[in-house]
Structure formats: structure tokens, C-alpha cells
Amino acid sequence: MVRYIEENITKMLETKIISKSEVLYAGGDDGDTSPATKVFQDFQINEEDVGRGGGGLIRSWVDSMRACSPSHLKPFNKQSSWIKEHPSALNMFEEILHESEGKQIVMFLDYDGTLSPIVDDPDRAFMSNKMRNTVRKLAMCFPTVIVSGRSREKVYSFVKLTELYYAGSHGMDIKGPEQNSKYKKKTQSLLCQPATEFLPVISEVYMKLVEKTKSIQGAKVENNKFCASVHFRCVDENKWSDLAHLVRSVLKNYPKLMLTQGRKVLEIRPIIKWDKGKALEFLLESLGYENCTHVFPIYIGDDRTDEDAFKILRDKKQGLGILVSKYAKETNASYSLQEPDEVMDFLERLVEWKNLTSGE
Ligand SMILES: O=P(O)(O)OC[C@H]1O[C@H](O[C@H]2O[C@H](CO)[C@@H](O)[C@H](O)[C@H]2O)[C@H](O)[C@@H](O)[C@@H]1O
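One structure accompanies this document, and this report is about it. (Residues numbered from 1 in each chain as written. Predicted model: local features only at pLDDT ≥ 70, side-chain atom pairs only at ≥ 80, totals over all residues. Heavy atoms only, no water.)

Regarding its fold elements, the protein presents twelve helices and 15 strands. Pairs at least 24 apart in sequence give 61% of the contacts found in the protein among residues at least 6 apart. (Helix = DSSP H or I, 4+ residues; strand = E, 2+ residues; numbered from the N terminus. Contact = heavy atoms within 4.5 Å.)

As C-alpha cells, this is what we get:
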């Protein structure tokens, strides 16, 4: 186990996923300075985990997943400090327009939980026709990107709009619009797949996970091409820990892969320095907005993986992030919307405003 952690840490330092300052060296009495503790993505691996074969780590995943589930969260009160810090993007619509004045808006939209409501069966997370029409109109006004943890092909099969940019597999599979778009010239035949070397290993792990998790009722493994998801949503909560143990038992043989957590899902991804935030930067650059002060990216998402993009925007003081949530959550987003219906209202208002002002 110690070797497994050390190999991972060394790889992450080499690939600059983490910096030395993120690794906590546990200098013991014997003067040992090996990396015994480090923050591994969202999860704390500590010496206790090493000793107990990862028990503490599994507990922290499961506790964190439980803590994030609606039955354990309280909807925020309108007066709470959270909503004051992350006000509704609908209530602040005029202020947002003011912030974007004179700049080119570029829209980034997450899929699950943002454009489609969360449902039990990931294969049935359909988008309404009303939402599709709204997104179609939006893409006529602004360059629009769908950013998803799903494979690009899968998310396209739900959205079905050829005029959009798609960034599937958490941004590891980016493609420009098929159909003519006013922005296409700049992004002709745009294709970015920074994790192609991991395709064989992801499909191998996917098959192993399918096999291993068969024994757990309700567990579902999804192949997202450059990454994979293990779904906990339909598994009895008492079995979550067993499922997490199974996932870990498979993953421990793959030091080049890592785990992140989403909404009742564990996601298996290559250890490369690429995420939804990097995808956002790459797309802005491809559209010709690198180091540009006249661009205003708006990123709307509901998941932990969207935080990478919110953080980029916050750090660069460029555009804004909108978190879709009914619950107070720690976030780098500036504004909030409660559910996909509110996302649709917000997008409709943007379209309406753009159409009114473009004739001026
Ligand atoms: O980046 P996203 O587009 O938000 O993708 C993240 C994951 O979304 C999907 O899972 C989530 O939605 C499912 C359908 O509503 C739900 O059943 C599941 O519990 C959620 O985690 C997708 O199936 C995953 O592969 C994505 O990684």
C-alpha cells in the first residue's frame, strides 16, 4: 500500500499534477521523510489508511458521498450567508449583463444535473425538447460548449445539436461543431484528445469493474471512453462501503489511474494534468480568446468536477461560474441556480437580451 501511494505521488509530481508543497512529508522519529501522507484529489490518504489497507480512505469516500446526498443536506434558507455569497443568477441578471458589457460571451454548459435532471438510470438522463430548443437558440447567439464527464458520443446522443462544441470525458475529448457555425472558421476540424494512450487501460479497467461489481445489486459501471464511472445511486447505502472496496481493489493495480468523486459516483480517470478547467482554457484559446480581456466565459455546472473550471475563472477574474444546487455547498462559483429549469430560464433571458440588443 505504501509503495502504491508513493508511486502515485511520484507520478503526480513528475506530471506536475501536484506540487511538492501539496505532499505532506511525515518526518517520523527515525528521520523518515518518505511521503506517507498526501491529499489525493478529494480524499485524504493518511498513515491509518496505510496500516488498515485503505479502510479509512474508503470510509472517507463513503462519508463524503453520504454527506452530499440530498437526504443529508438542508436546502438553503433565503437569508443564509451562502445565498448572499452565491446569489441567484436570475436575481442578479442585470448585474451579470453589466459585468459582461462590451465582451464576447462564451457559454460552457455541464450536462447531467445542469441541462438534464438527475435520474436513477444514467442511460435515461434525457434532455427535454424545450431545453434543446433553448440551447439551440443560445448557440446562435454565443459560442456554446457542452462539457461532460460522459463520453463525447454519449452526451451528443442526448443533446443532438451539431452546432455545438463538445468536451466529453471530463474535457479529455474535445471536438468542434460539425455544422456551420459563425465561429467554425477558427476551430475547423478541432479535435483534442490528450489521453489517447490511456484508451486500452480504461477499457481493461472498465471490464474488470463490470465483472467485480456484478455481486452488488444496483451497481452500474459506465464506459466514458477516456474515463469510467461506477454508480452508487441505486445501491443500498449499507453496501456503499463494499462497492467502494471493490473499486479500490481493482484500481490499486493501476497506478496511472486516479479516482474522483461526483454525485453518487466514483470516477476513474488517467493521472494527467487535464480537467474541465483545462478544457475551458483550451477552448477559449482555440476560439482566439487567449489572454483576451474582451471575452466573458459563463460556466454553468452542478458537480465537483465543474469546480476546476469555476476556479480557473475565479483565479483569472474572467467571466463567472454558476453552481446549480438547491443546497449550500463549498464552491468557487460566484452565482447559483437551483435546478435545470432555472438554468433554462437563465439561458432564455440571455437569448432574449442578445436578440434585443444585436439589432441596436
Ligand atoms: O459532467 P457531467 O455531465 O455532469 O457528468 C458527470 C456524471 O454524470 C452522470 O452521472 C450523474 O447523472 C446520472 C443521471 O442523472 C445519475 O444517475 C448519477 O448518479 C450522477 O452521478 C454520468 O452517468 C456519469 O458517467 C458522469 O461522470
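Neighbouring residues of the ligand: 22 residues in total, closest Val119, Glu222, Arg233, Arg263 and Glu267. Within the contact set of the ligand, an oxygen atom lies 2.8 Å away from a side-chain nitrogen or oxygen of aspartate 110. A distance of 2.8 Å separates an oxygen atom of the ligand from a polar atom in the backbone of glycine 149. When the ligand is considered free in solution it has 570 Å² of accessible area, and contact with the protein chains removes 99% of it. Its atoms largely coinciding with the cavity grid, the ligand occupies the second largest pocket. Per-class residue counts for the shell around the ligand are seven nonpolar, five polar and ten charged. (Near = heavy atom within 4 Å. Polar contact = N/O pair within 3.5 Å; in protein donor to acceptor, adjacent residues only side chain to side chain. Areas by Shrake-Rupley, 256 points an atom, 1.4 Å probe, with all protein chains shown as cover. 1 Å grid on protein atoms, 1.4 Å probe; cavity = no way out; pocket = protein on both sides within 12 Å on 5 of 7 lines; lining within 4 Å. Sits in = over half its atoms within 2 Å of the grid points. Nonpolar A, V, L, I, M, F, W, Y, C, P; charged D, E, K, R; others polar.)

Turning next to the pairing of strand S6 (residues 165–168). Here S6 shows a buried face lined by Tyr165 and Ala167 and a second buried face lined by Tyr166 and Gly168. Two elements, strand S5 (residues 144–147) and S6, share three bridges in a ladder whose sense is parallel. Each bridged residue has a counterpart across the sheet, and for valine 145 the counterpart in S6 is tyrosine 165. After leaving S5, the chain enters helix H7 (residues 152–159) and then returns to the sheet as S6, a path that is right-handed. Note that S6 and strand S7 (residues 173–175) share three bridges and pair antiparallel. Of the residues in S7, the one forming a bridge with tyrosine 166 is lysine 175. (Buried < 20%, exposed > 50% of the residue type's maximum accessible area, 1.4 Å probe, protein only. Pairing = 2+ DSSP bridges. Right-handed = clockwise from strand over helix to strand, strands pointing away.)

A word on the packing of aromatic side chains. Per the counting criterion, the structure on display carries eight aromatic pairs. Ring centres 5.7 Å apart and planes at 75° place the aromatic pair phenylalanine 126 and phenylalanine 158 in the edge-to-face group. Taken together, the residues phenylalanine 126 in the loop between strand S4 (104–110) and helix H6 (129–141) and phenylalanine 158 in helix H7 connect sequence positions 32 residues apart. For phenylalanine 126, a relative accessible area of 45% gives the class partly exposed. The buried category is assigned to phenylalanine 158, whose relative accessible area is 5%. By way of ring pairs, the aromatic residues Phe108, Tyr299 and Phe310 are connected into one cluster. (Phe/Tyr/Trp six-rings, centres within 6.5 Å; stacked < 30°, edge-to-face > 60°.)

A separate point is the environment of serine 249. Within the fold, serine 249 resides in helix H9 (residues 240–251). Spatially, the C-alpha atom of serine 249 lies 9.3 Å from that of lysine 212, the residues being 37 residues apart in sequence. For serine 249, the side chain forms a polar contact with the main-chain oxygen of leucine 246, separated by 2.7 Å.

Below, the discussion takes up the pattern of salt bridges. Counting across every chain of the model gives 19 salt bridges. As a salt-bridge pair, aspartate 315 and lysine 311 come within 2.8 Å of each other at their nearest N and O atoms. You can see aspartate 315 and its partner lysine 311 sitting in helix H11 (residues 307–316), four residues apart, about one turn around the helix. Of the residues examined, lysine 311 reaches a relative accessible area of 41% and is grouped as partly exposed. Taken together, the salt bridges that share partners define one network made up of Asp112, Asp123, Arg150, Lys154, Lys220 and Glu222. (Salt bridge = Lys/Arg side-chain N within 4 Å of Asp/Glu carboxyl O.)

Turning next to unusual backbone geometry. A positive phi angle, close to 55°, is found at lysine 160, a residue other than glycine. Relative to the helices and strands, lysine 160 is located in the loop between H7 and S6. For lysine 160, a relative accessible area of 52% translates into the label exposed. Of note in this structure, asparagine 291 is not a glycine but carries a positive phi near 50°. The residue asparagine 291 is located in the loop between helix H10 (276–286) and strand S13 (295–301) in this model.

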